[in-house]
Amino acid sequence: MDTEDSGIVNLVSKEGDSYQVPIDVAKMSELVKTMLDDENDEGDTQEIPLPNVKATVLAKVIEFCTHHKTEAMNEIEKPLKSSDMREVVQKWYADFVNVEQVLLFELILAANYMDIKPLLDLTCATVASMIKGKTPEEIRTTFNIINDFSPEEEAQVREENKWCEEA
């Protein structure tokens, strides 16, 4: 391990909770990587504020990054070969994203904000798997989306986009 990647960094959540994380794990986040001082010779533990990330979400992000360091996630094939995430990635990763929708969407936002590509890929693929093979009505039910189209408007949209259902 490089000497520059050894040590600890404190990641601070929106609520002010501080998490001590090994630097090599924290550097999975491109945001954290750019915020770390290159010349921190005093041996002080750096503190990185993450004002857009809740503590519960940050704990899950750290869990993901820590596990990813020991077992890298398989590349996610596109288009998804299955709506079952266990057929797409290893069991640990499939179980990791088997969470409430609210947390899943917060993980997407955190992965995007912190610029952690493997986590963003995993969480977005999970949402895609929730949509795969479903009718618009089933998708609306899954994501609690209210259909505000009149029957005439819906018929017009279906007619204009008929080509994508034929493929």
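The notes below deal with the structure included here. Source: prediction; values computed, not measured. (Residues numbered from 1 in each chain as written. Predicted model: local features only at pLDDT ≥ 70, side-chain atom pairs only at ≥ 80, totals over all residues. Heavy atoms only, no water.)

So, the nonpolar core
1) Next: Grouped together as the largest cluster of nonpolar side chains are 43 residues, with contacts concentrated most on L11, V61, F64, V89 and L122.
2) Next: Residue assignment for this core shows that the elements contributing at least two residues are β1 (8-12), α1 (23-26), α2 (30-35), α3 (55-70), α4 (91-96), α5 (101-114), α6 (117-131) and α7 (136-143).
3) Next: When sequence neighbours within four positions are dropped, the list of residues in contact with V89 reads M73, N74, I76, A94 and L122. (Core = buried A, V, L, I, M, F, W, Y, C linked by side-chain atoms within 4.5 Å. Buried < 20%, exposed > 50% of the residue type's maximum accessible area, 1.4 Å probe, protein only. Helix = DSSP H or I, 4+ residues; strand = E, 2+ residues; numbered from the N terminus. Contact = heavy atoms within 4.5 Å.)

Description of the pairing of β1
1) Next: Most of β1 is tucked away, with 4 of its 5 residues classed as buried.
2) Next: Pairing between β1 and strand β2 (residues 18-22): 5 bridges, direction antiparallel. Each residue of the ladder has a partner; that of V12, found in β2, is S18.
3) Next: Hairpin connection of β1 to β2: 5 residues between the antiparallel strands, including G16 at a positive phi of 95°.
4) Next: Where β1 and strand β3 (residues 46-49) come together, 4 bridges link them in parallel fashion. Following the sheet pairing, V12 is matched in β3 by P49. (Pairing = 2+ DSSP bridges.)

Looking at the pattern of salt bridges
1) Next: As enumerated under the stated definition, the model contains 11 salt bridges in all.
2) Next: Where E30 meets K33, a salt bridge forms, and the shortest distance between an N and an O atom there is 3.5 Å. With a gap of 3 residues between them, E30 and K33 both fall in helix α2, about one helical turn apart.
3) Next: With relative accessibility at 34%, the residue E30 sits in the partly exposed group. (Salt bridge = Lys/Arg side-chain N within 4 Å of Asp/Glu carboxyl O.)

Structural notes on the state of the cysteines
1) Next: Following the criterion strictly, the structure yields 0 disulfides and no others.
2) Next: Here C65 stays unpaired: no disulfide links it, and the sulfur of C124, its closest cysteine neighbor, is 15 Å away.
3) Next: The class for C65 is buried, based on a relative accessible area of 4%.
4) Next: The exposure class of C124 is partly exposed, given its relative accessible area of 36%. (Disulfide = S-S within 2.5 Å.)

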